[in-house]
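Observations on chain architecture
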Amino acid sequence: VQDGLAPLYRLQSEAHDLAEQLAATGDPAELEKLQKRYDELHLHLDRLDAYHIEHRVDEVLHGLGFDERDYDRSLNTFSGGQQNRALLGRLLLAAPDLLLLDEPTNHLDIAATEWLEDFLKKSSQAVVVVSHDRYFLNRLTTRTLEVYRGGVNDYSGNFSAYWSQREERHKVLHRTWEKQQEFIAKTKDFIARNAYGQKSTQAKDREKKLERVELVDLPPDFDVPPISFPEPIRTGDWVFRVEDLAKSFSTDPSVAPLFEHVTFQVDRGDRLAIFGPNGSGKTTLLRILLEELEATAGTVRHGTNVRVAYFDQQLENIDAGETAVEAVRPPHDPSVTPGQLRSLLAKFGIKGELALQTVSAMSGGEKTRVALARLASSEPNVLVLDEPTNHLDFWSAAALEEALRSYAGTVVFVSHDRYFLDQVATRVLVLAQHGVDVYDGNYSDYQY
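Below is a summary of the structure that appears in this document.

Reading the values: the criteria
- Residues numbered from 1 in each chain as written.
- Predicted model: local features only at pLDDT ≥ 70, side-chain atom pairs only at ≥ 80, totals over all residues.
- Heavy atoms only, no water.
- Pairing = 2+ DSSP bridges.
- Helix = DSSP H or I, 4+ residues; strand = E, 2+ residues; numbered from the N terminus.
- Axes fitted to C-alpha atoms, helices over the stretch in contact; angles between N-to-C directions.
- Salt bridge = Lys/Arg side-chain N within 4 Å of Asp/Glu carboxyl O.
- Buried < 20%, exposed > 50% of the residue type's maximum accessible area, 1.4 Å probe, protein only.
- Contact = heavy atoms within 4.5 Å.

1. What to know about the sheet that holds strand β9 (residues 308–311)
Taken in spatial order, the six strands line up as β9-β10-β11-β7-β12-β13 in an open sheet, and their pairing is mixed. Single-partner strands in this sheet number two, and they are β9 and β13 (435–440). On average, each strand axis in the sheet is inclined to that of its neighbour by 15 degrees, with strand direction left out of account. The pairing of strand β7 (residues 271–275) with strand β11 (residues 410–414) spans four bridges and is parallel. Within the sheet, the bridge partner assigned to Arg271 lies in β11 and is Val411.

2. Considering the pattern of salt bridges
Considering all chains together, one arrives at 22 salt bridges under this definition. Across the salt bridge formed by Asp118 and Arg139, the nearest N and O atoms sit 2.9 Å from each other. Here Arg139 lies in helix α6 (residues 134–140) and Asp118 lies in helix α5 (residues 110–122), a separation of 21 residues in the sequence. On the basis of relative accessible area, Arg139 is assigned to the partly exposed category, the value being 29%. The salt bridge involving Glu292 is made with Arg287; its shortest N-O contact spans 3.3 Å. Accessibility expressed as a relative area gives 30% for Arg287, which makes it partly exposed.

3. Concerning the side chain of Arg134
For Arg134, the location among the structural elements is in helix α6. What makes Arg134 buried here is its relative accessible area of 2%. Contact partners of Arg134, with chain neighbours within four places excluded, come to Phe159, Phe394, Ala397, Ala398, Glu401, Asp417, Tyr419 and Phe420.

4. Focus: unusual backbone geometry
With phi around 65 degrees, Glu291 is a residue other than glycine that occupies positive phi space. Structurally, Glu291 is set in the loop between α9 (282–289) and β8 (297–302). Since its relative accessible area comes to 57%, Glu291 is described here as exposed. For Glu379, which is not glycine, the phi torsion reads 50 degrees and is therefore positive. Mapped onto the fold, Glu379 is located in the loop between α12 (364–377) and β10 (382–386). You can call Glu379 partly exposed: its relative accessible area is 49%.

This is how it looks when you write it as structure tokens:
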């Protein structure tokens, strides 16, 4: 990460060398020359705030989730995500005139993402960012370029401003197109009726006018999947009861558990969001809820008539070697016809020949939608979702948000997507070392 400040370190080294030369020389002319360069150098270092250089390195490393124990570890001993964070830190410290950032929040937890937002907002550089993180875009950006079907549309403002402007632009273009089509139809009708009568001159005049009309094209729209989940059967008043839960992957008592003293209840109709720092045990907690993992201490109880469907962020619940149609076939009901399965897939935007492709040949977003369709096929009344928006574009994520808000069952989900948390959550559970904190409302309510 210090490599980002390499020019400043070189200037510091030059200043140190000049100080030694000043102390050693006895030639007045040489002394004056060295002193002049030394003064210029210190003015430059002062302007660049080079005297707080170590503080800046610490600020970036801590902000991106590293602590001092990590500083002397070889970079290749870290995970791929941590290496990407280190490279991002180096880039931020280099302070170029223009930052080009491609999905910079992909390997960051919420705390690190918020730090990055604040860092970039305070910086003076121009920033061009590609991101699927709508909350990040809302906090940071002042202009939005939409790239779609070979064209680029320019909007002022952040993501929410773009979203509303785009809708308004499309309404205006649709109204203009409809009026033009109505004008063309009436003009053609007039020409057809009066081509050989008393008004034939007028008809020819209108025909020429029609040839000069610049046709308005309908704006290309996004393929938004009409995602929906089936009406669930009713559970009891509560779905999960968790009491004094702890999980450790080590038998060594000196090694701290992943989490402990976790107590909470999920009631019917809740949409409970779980979040916390990377490595805090969010996915592990879900798997204990599902009874796929055994807790070190504490209890998990399921309520009456609970039927759970689980979305695994690694997508291991679907067979990559099967076609999409076969991958969503419910194991408890082999009588479902291929036509019914294709109809189900169409609700998640998997249509036509795509439904007959093998899952392994699909994009990440398509695989995610197949996995969500498989959940729907099992007709659950409790959805447990681990990072469901990871591979979804804005429009698919928005469709999923609407589907979950309309779902009459219970939803428990892990997500680092703060926009998704705001749109879906009715309660949030923050996982921390001391246990958990539970708040009513969504992510913004929790922040407040």
